[in-house]
Amino acid sequence: MESVTFSTKQGNIPLVRLDLNIETRIFVLYLLGQQTPDNRLTHEFIREGIVPACQHVKKLWQEWVDKRDFREGAALVTTSMPTNKIFSNGLDLQKAVADPKFFDEYLNVMFRELLTLPIPTVASLGGHAFAGGFTLAAVHDYRVQNGKKGFLCMNEIFFGAPVPNGMMAAVKTVTNDPTVLRKIVLEGHRFNAKEAFQHKLIDVIADGEGYEGSEGTLKKSIELAMALRSRCARNAWKVNRELLVKDQLNVMSQPDVYVVH
C-alpha cells in the first residue's frame, strides 16, 4: 500500500489521503474531515486537497501508459472516513459567494478533474451527501450508498440559495429526467438509499451481512471498483466518458455566475 496525504499549505492541516493498493491498482481517496468535520468544500479542500489528488492519479496512470503497463486497469473510490457520518455537507457558502472566482476556479475545476480522470470512479456514500456534497458524488461514474443511514439532498431551496450552472451540470451527469430534477432541485427531497436507487441516482445499495454501515459501504464500493477497473485497461475510458458528459463539461468550462438575491 502506498499513501499520499494532501494538506493545507498554511497550517499543514491534512485534507485528503490517497491510498493505492499496488496489487489491485485501486485508489481510495479519503476525505479526512480535519479542516471541517463535515468535509466542507472549502477553497483549500478543493485546490490543495481533491484537485492535486486527482492530478496525482492522472500522473501515475500516464506513467503506466507510457510503460504500456496497463495490467488489469485501475479505479478510484472516494469516501469519508468510516467514523464520519457525513460524506460531505457541501460548500462553505458564505466564503464561496464572497469570492467571485470560487465557482470558476475552484468548484468547477474540481468537477472537471473528476470527470476527466482516465479510470472509473466510485463515490462511497457511507453518510450524508448534501448540496455541494451531492454534486461531488454526482461527478463520479458510480455511487454506492449506505442502506441504513444517510441521505442525498440538494437542500439549497430551503435557504434561498440558487444552484450555480456548474453544480446543475454536475447533477445532470446523473439524471436528465425532469421529474427527478424537479424533486432534487425544487423540492430539496432527501433521498434515502432505496429512493436514490429507484430514481437511478445511485448504482448500488450497501446492505446485508458484511456490508453494514460506512465500512461495509466502502467494502462494497471497492468490490465495484474491482469489477470496473479492467474497462480502462486499453486507455479509452477518459475519451468515452467525456463523450457522455460533453455538454456538462462545456457548461463547467464557461464563466459561472452566482445570483445573489
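Since we're looking at a predicted model, the values are computed, not measured. What you see as residue numbers is a count from 1 along each chain, following the sequence as written. Side-chain atom pairs in this predicted model are given and counted only at pLDDT of 80 or more, local residue features only at pLDDT of at least 70, and totals for whole chains, interfaces and linings cover all residues. Working from all heavy atoms in the structure, the side-chain values ignore hydrogens and water.

Novice: Would you take a moment to explain the sheet that holds strand β4 (residues 75-80) for this structure?
Specialist: Two modes of strand pairing occur in sheets, parallel and antiparallel, and in both the strands are linked by backbone hydrogen bonds. Strand order in this open sheet of seven strands is β1-β2-β3-β4-β6-β8-β10, and the pairing throughout is mixed. The open sheet has two edge strands with one neighbour each: β1 (2-7) and β10 (204-206). Pairs of neighbouring strands in the sheet enclose a mean axial angle of 20 degrees, with direction left out of account. Pairing between strand β2 (residues 14-21) and strand β3 (residues 26-31): six bridges, direction antiparallel. Bridge pairing in β3 places Leu 18 opposite Leu 29. In this analysis, two residues are considered to be in contact whenever any of their non-hydrogen atoms come within 4.5 Å of each other. Here an angle of 0 to 180 degrees is reported between the N-to-C directions of two axes, which are lines fitted to C-alpha atoms, with helices fitted over the stretch in contact. By the criteria applied, helices consist of DSSP H or I runs no shorter than four residues and strands consist of E runs no shorter than two, each listed in order from the N terminus. Along the sheet, helix α8 (residues 213-228) makes contact with β3, β4, β6 (121-125), β8 (142-146) and β10, crossing β8 at roughly 155 degrees. A strand pair is defined by DSSP finding two or more bridges across the two strands.

Novice: How should the layout of surface pockets be read in this particular structure?
Specialist: Sizing a probe to match a water molecule and rolling it over the atoms shows the empty space that remains. Points on a 1 Å grid, built from protein atoms alone, make a cavity when a 1.4 Å probe fits but cannot get out and make a pocket when they are open with protein on both sides within 12 Å along at least 5 of 7 lines; residues with an atom within 4 Å of a point are the lining residues. Grid points are joined across faces, edges and corners, and a volume is the space filled by probe spheres set on the points. Roughly 320 Å³ of volume is contained in the largest pocket. Around the largest pocket, the lining is made up of 18 residues, and of these Asp 141, Thr 173, Arg 241, Leu 244 and Val 245 lie nearest the centre. Secondary-structure elements contributing two or more residues to the lining of the largest pocket are β8 and α9 (237-244). Nonpolar residues are Ala, Val, Leu, Ile, Met, Phe, Trp, Tyr, Cys and Pro. Charged residues are Asp, Glu, Lys and Arg, and all others, Gly as well, are polar. Taken together, the residues that form the lining of the largest pocket break down as eight nonpolar, four polar and six charged.

Novice: Whenever I open this one, the sheet that holds strand β7 (residues 128-130) confuses me. Can you help?
Specialist: Here we have three strands laid out as an open sheet, ordered β5-β7-β9, and parallel in their pairing. Edge strands, defined here as strands with exactly one partner in the open sheet, are β5 (86-88) and β9 (152-153).

Novice: Whenever I open this one, empty space enclosed by the protein confuses me. Can you help?
Specialist: Across all of its chains, the model carries two cavities of 30 Å³ or more by this definition. Taken as a whole, the largest cavity holds about 50 Å³ of empty space. For the largest cavity, the full set of lining residues is Leu 125, Phe 134, Ala 137, Ala 138, Arg 143, Leu 152, Val 174 and Leu 201. Along the lines of polarity and charge, the residues of the lining of the largest cavity split into seven nonpolar, no polar and one charged. Looking at the second largest cavity, its volume works out to about 40 Å³. Among the elements of the structure, β4 and α8 are those that each provide at least two residues to the lining of the second largest cavity. For the lining of the second largest cavity, the element with the highest residue contribution is α8, accounting for three residues. Classifying every residue of the lining of the second largest cavity gives three nonpolar, five polar and one charged.

Novice: Can you walk me through the packing of aromatic side chains in this structure?
Specialist: Any aromatic ring pair is given by two values, namely how distant the centres are and how the planes are angled relative to each other. Working definition: a ring pair exists when centres of Phe, Tyr or Trp rings (six-membered ring for Trp) sit within 6.5 Å. Plane angles under 30 degrees give stacked, over 60 give edge-to-face, the rest tilted. Tallying each qualifying case throughout the model produces five aromatic pairs. Grouping aromatic residues by their ring pairs yields a cluster made of Phe 27, Trp 61, Trp 64 and Phe 70. Counted as over-ring charges are cases with an Arg CZ or a Lys NZ within 6 Å of the ring centre that also lie within 35 degrees of the ring normal. Stacked on the ring of Trp 64, the Lys or Arg Arg 25 has its end atom at 3.9 Å from the ring centre. Here the guanidinium or amino end of Lys 219 rests over the ring plane of Tyr 211, the centre of that ring lying 5.0 Å away.

Novice: Help me understand the pairing of β2 in this model?
Specialist: On a regular strand, each side chain points to the face opposite its neighbour's, so the side chains alternate between the two faces of the sheet. The pairing of β1 with β2 spans six bridges and is classified as antiparallel. Across the sheet, the residue bridging to Phe 6 is Val 16, located in β2. Here β1 folds back onto β2 in antiparallel fashion, the turn holding six residues, of which Gly 11 has a positive phi close to 90 degrees. Taken together, β2 and the strand that follows it, β3, pair antiparallel across an intervening segment of four residues, in which Arg 25 is found at a positive phi of about 60 degrees.

Novice: Hey, could you run me through the pattern of salt bridges in this one?
Specialist: For this document, the term salt bridge refers to a Lys or Arg side-chain nitrogen within 4 Å of an Asp or Glu carboxyl oxygen. One pass over the structure, following the stated rule, counts 11 salt bridges. Notably, a salt bridge pairs Asp 207 with Lys 148, separated by 3.9 Å at the nearest N-O pair. Linking Asp 207 in the loop between β10 and α8 with Lys 148 in the loop between β8 and β9, this pair joins segments that are 59 residues apart in sequence. Close ionic contact of Arg 182 with Glu 187 constitutes a salt bridge, the shortest N to O distance being 4.0 Å. Residue burial is assigned from relative accessible area. The probe radius is 1.4 Å, only protein chains are included, and a residue is buried under 20% of its type maximum, exposed over 50%, and partly exposed in between. Using a relative accessible area of 39% as the deciding quantity, one classes Glu 187 as partly exposed. Each member of the salt-bridge network shares a partner with another, and the members are Arg 182, Lys 183 and Glu 187.

On their own, these measurements won't tell you what the molecule is for.
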